[in-house]
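Take a look at the letters that make up each chain.
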Amino acid sequence: MANSFNDAHHFVIENNIINNTVIRSAPCSTTSSLKELHSRIAAGAIHDSSERCDDPKCHPDTRVAVQDELYSWIVHGDQDQQPRKIKWVTGPAGSGKTAIMGSLAEKCGSEGLLGGSFFFSSSSPSPNRRTKTAFVLTLAYQFAQQHHSMKTAISRVIEERPEVFGKTLPVQMKLLVLDPFREAAAQDHTSAMSQQKVIIVDGVDECDTGRIAIWDADDDSKKPAAGVAAAQQIQTPMLERLKDEDQLEVLQVLLQASSDPCFPFRILIASRPERIFRLFFETGPFAPTLILDEKYNPDADIALFLEAKFTEIRRRHRLSSSWPPPHTISTLVKNASGQFIYAATVVRFITGSRKHNPYTLLDIVLGAKPKGLRSAMNPFAYLDALYSTILRSCPDPGLSVSEPHCDIYDALDIYPPARFINCWLETFDGEAEHLLGDLHSLHFTASRRRVFRGSI
């Protein structure tokens, strides 16, 4: 009998007679709506997802000044003379943006300051993490998980307007985020959100376009087949959508959110300094841009990172205390030109190779030098030389870096497991491992056994 009155209210029992109506809440509706939302998010894009377990983080005692400056803006930004709700962090490839944002997200998450996060990645096995499709949905899901009032409001939107999943980002932001926050504020349910301060969005420059059906009116071979609905037959020819447009849409929808008084968070955005981002952040209500340059002394942080990693290698292999030789770290720091990706690649090459000992591998790294006069003007010259050296170390460099294209998979948007492709293409057992050689320092194999290239 007791179970019959779960979540019931507005009734009175007199002499064992119920004289009013039992009204039940509908937890099943909320649960099903959230399950539907969850099925469409990019779970791997959230800062603490299993997919990101191997993503770079700042080594202890490195990038301290950068993290402290960003943390101060997150916590004390309201005290600025002109408080702003959006801040851009930028720097070239390999400067450590993702590591900084990941470490900051972990810190803010552990202190209850993180409202949500999204880490784009062009090498992710999940299409939803490589495109804008699930961006707003993933943020909305995180808000729903953290606040009961948001969960109720978002679930109701999904139940009443299931077409929201096919709407544009601005419409999704309004219906699934801003309107629910406004409703929560009207009900004075904002106390649970008052401690949370920031949304962290990383790698927006890695956001790519999804597959879009486009055809030219003058090219009959590209028009829809006769069996397609008439509405599709008369569609207007479109220009191919550029990834810059999707990246700009992500930026604009974040600006839309920050401009709404009901949105309680600051927004931290990280990307490379591509033109679309420079133009967007040139003017507008933004906090001063943080540029990862020499101001933050990356050389000292790279030296700390290399010293710590070489100590681990020395202990693991029981090497002499004289390894690495004097001036090795200072040489590698100079070669890195402020790019953490160079130091990280050096460490992966030395720890991941199966052909040589650390002494030989370090000699190979130090011998990887750029050629030509123009290399002196290229900050990535030593990184390029190191990549070339690693590629040449494979048994068959040409075949190792070649990419077999399967048109049928591209056409059907099917990406079979790497194990399947390997069994289909290899001419003898173990050929893939043989060909890849030491390329494990330049690429990774996703946990779902689909191979994706790193930043080569």
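Everything below is about the structure printed above this text.
Heads up: these notes are all about the structure in this document. (Residues numbered from 1 in each chain as written. Predicted model: local features only at pLDDT ≥ 70, side-chain atom pairs only at ≥ 80, totals over all residues. Heavy atoms only, no water.)

Comments concerning the nonpolar core
Phase 1 of the analysis: By size, the foremost hydrophobic cluster in this structure holds 50 residues, and its most contacted members are Phe135, Val177 and Phe263.
Phase 2 of the analysis: In this structure, phenylalanine 135 is in contact with Phe118, Phe120, Val201, Val250, Val253 and Leu254, ignoring residues within four places of it in sequence.
Phase 3 of the analysis: Counting 28 residues, the second-largest nonpolar core is a separate cluster that includes Leu319, Trp323, Leu332 and Val333. (Core = buried A, V, L, I, M, F, W, Y, C linked by side-chain atoms within 4.5 Å. Buried < 20%, exposed > 50% of the residue type's maximum accessible area, 1.4 Å probe, protein only. Contact = heavy atoms within 4.5 Å.)

A short note on the pattern of salt bridges
Phase 1 of the analysis: What the rule picks out here adds up to 16 salt bridges.
Phase 2 of the analysis: We note a salt bridge from arginine 63 to aspartate 301, for which the minimum N-O separation is 3.3 Å. Highlighted residues: arginine 63 in the loop between α1 (27-38) and α2 (64-76) and aspartate 301 in helix α11 (residues 298-317), separated in sequence by 238 residues. The same class applies to arginine 63 as to aspartate 301, namely buried.
Phase 3 of the analysis: Salt-bridge contacts for arginine 156 lead to glutamate 183; the nearest nitrogen and oxygen are separated by 2.5 Å. Taken as a pair, arginine 156 in helix α6 (residues 148-160) and glutamate 183 in helix α7 (residues 169-186) lie far apart in primary sequence, 27 residues in all.
Phase 4 of the analysis: A relative accessible area of 30% means that arginine 156 is categorised as partly exposed.
Phase 5 of the analysis: Here the salt bridges do not stand alone but share partners, grouping Glu51, Arg52, Asp55 and Arg129 into one network. (Salt bridge = Lys/Arg side-chain N within 4 Å of Asp/Glu carboxyl O. Helix = DSSP H or I, 4+ residues; strand = E, 2+ residues; numbered from the N terminus.)

As for the environment of isoleucine 74
Phase 1 of the analysis: Relative to the helices and strands, isoleucine 74 resides in helix α2.
Phase 2 of the analysis: Those residues in contact with isoleucine 74, other than ones at most four positions away along the chain, are Leu104, Cys108, Lys197, Val198, Arg266 and Leu268.

The values are spatial; any link to function lies outside them.
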